[in-house]
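Here is what each chain is made of, one letter per residue.
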Amino acid sequence: MNSVSKFALGAALALIATVPAAAQRTPHQTSPFNKSERAAILALKTALDTKNYPAATSALQSAQSAASSAEARYIASALQLRLGIETQNQGLQSTAIDSMISSGVAPPSELPLLYRSQGTLLLQAGKYERAEAVLTRAAELNATDPELLLALAEIKAIRKKHQEVVPLMERAIAVRRTAGQPVPESWYKRATAVALANRALPQATRFSRELVAAYPTQENWRDAVLVHRDAAAADPVARIDALRLQRATKSLAGERDYLELAQGLSAAGLDVEAKAVLDQGVAANMVDPGKATFKELITETGKKAVADRKALAGLESKALAASTGTAALSAADAYLAAGDYGKAATLYQAAVQKGSVDPSLAGTRLGIAHALAGRRAEAEAAFRTFSGPRAELASLWLVWLSQRE
């Protein structure tokens, strides 16, 4: 069931549960109706109370004919609404709500629900233009109904008013949070998808981050990282660090993920890590070592990884003696790939201090080194030291850190 259908069901149940009080009252001598109005309304209510719907249908016509005052028209329409609900006649419900609203005497407390319910009926009838107008009015009357805001967003999406959809979803989520209510997982997923479809990448990344913060499943982590990977499509280095997060969250799924990470690492000269990724994929039955593509890659990375490990010994001293941070950054990458997170962190710090390197790149990888070493406080500090495009990825690493025991 989609969100509009859920909203429609919710609105219908709410309306049934709160049929206007006027439709439940028995007219009495002190009521504002004249004698003929009171008699006709009483006959209609009696037929409804006894569930004699044929008699109620006939009595409705008499009540409508007898109603000369606004109050009588409102009560007759409220009883018509009750008849429409109990007989599941949406046509009766729709015309009844229109009449109740136009009567001018509907209590202000009932108007939001009346507009909401009318919008639901129009949605179900496929009358999207009018449904949008009615739900917009309902949202104006009750800005703290998140389901209403979400339904309005969906109908604007149907009507291709894309620029208005994401802000409404943001409002719906914010209302739930402000009320101290959990935001459903499906809301985050839908909001992310809509934001991506509308190329609203900042909102998409935020929604996906909020998704894994609240619902940290492997599937959700993969989806969240994919958003960041797609946003960094032109930056292969950023894609490697995003895939590293996927590996850390155990959300690499299928041979494609393992292949992309291994190939990216190998292309960057980080074959020790590439080999570890392929070994992990084979162990998880995600990678077929006999498949031509993987067989060749496993052989190549295996040979290069042996050479890379031998070369590690002299990297640290040379990097620390260099006048710029370039050698330190390269050495740090090599130690990170080899799983020596302590030396990697030391060298990333040296690279930043010496300069001539991208501080956001070094800062990201310093945070990754600390995170993978289990040094949460140091990792958090590193991830918070820079801004720009990589800060979005850092924020995802921070979410993962917050979920570590």
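Naming follows an unreviewed UniProt entry, where the protein chain appears as Tetratricopeptide repeat protein of uncultured Sphingosinicella sp.

(A) Seen up close, the packing of aromatic side chains. Enumeration over the complete set of coordinates arrives at three aromatic pairs. On the basis of an interplanar angle of 25° and a centroid distance of 6.0 Å, the ring pair of F383 and W397 is categorised as stacked. Of the two residues, F383 is situated in helix 21 (residues 376–383) and W397 in helix 22 (residues 389–402); the sequence distance between them amounts to 14 residues. The pair formed by F383 and W397 is uniform in burial state, with each residue classed as buried. Among the aromatic residues, ring-to-ring pairing joins F383, W397 and W400 into one connected group. Over the aromatic face of W187 sits the side chain of R176, whose NZ or CZ is 5.4 Å from the ring centroid. In this arrangement the basic side chain of R206 is found over the ring face of F207, its NZ or CZ atom lying 5.4 Å from the centre.

(B) Main features of the nonpolar core. Counting residues in each nonpolar core, the largest one holds 60 residues, and the members touching the most others are L44, L114, M169 and I173. Per-element tally for this core: the top contributor is helix 4 (residues 70–86), with nine residues. Apart from the residues within four sequence positions on either side, I173 is in contact with V183, W187, Y188, A191 and F207. Judged by nonpolar contacts, the second largest core, of 44 residues, contains A338, A350, I368 and L398.

(C) Structural view of the UniProt feature "repeat: TPR" (unreviewed entry) in the protein chain. Per the UniProt annotation, the sites labelled "repeat: TPR" (unreviewed entry) are residues 112–145. Secondary structure content for residues 112–145 is 79% helix and 0% strand, and the end C-alpha separation is 10 Å.

(D) The pattern of salt bridges, seen in detail. With the rule as written, the count across this model stands at 31 salt bridges. The salt bridge involving E132 is made with R159; its shortest N-O contact spans 2.4 Å. One end of the pair, E132, is in helix 7 (residues 128–141); the other, R159, is in the loop between helix 8 (146–158) and helix 9 (162–178), with 27 residues separating them in the sequence. By relative accessible area, E132 is classed as buried at 6%. In this structure, E260 engages R229 in a salt bridge whose closest nitrogen and oxygen atoms are separated by 2.2 Å. With E260 in helix 14 (residues 254–267) and R229 in helix 12 (residues 218–231), this pair connects stretches of sequence that are 31 residues apart.

Cut-off values and rules
Residues numbered from 1 in each chain as written. Predicted model: local features only at pLDDT ≥ 70, side-chain atom pairs only at ≥ 80, totals over all residues. Heavy atoms only, no water. Phe/Tyr/Trp six-rings, centres within 6.5 Å; stacked < 30°, edge-to-face > 60°. Helix = DSSP H or I, 4+ residues; strand = E, 2+ residues; numbered from the N terminus. Buried < 20%, exposed > 50% of the residue type's maximum accessible area, 1.4 Å probe, protein only. Lys NZ or Arg CZ within 6 Å of the ring centre and 35° of its normal. Core = buried A, V, L, I, M, F, W, Y, C linked by side-chain atoms within 4.5 Å. Contact = heavy atoms within 4.5 Å. UniProt positions renumbered as here; feature names shortened; annotations may be inferred. Salt bridge = Lys/Arg side-chain N within 4 Å of Asp/Glu carboxyl O.

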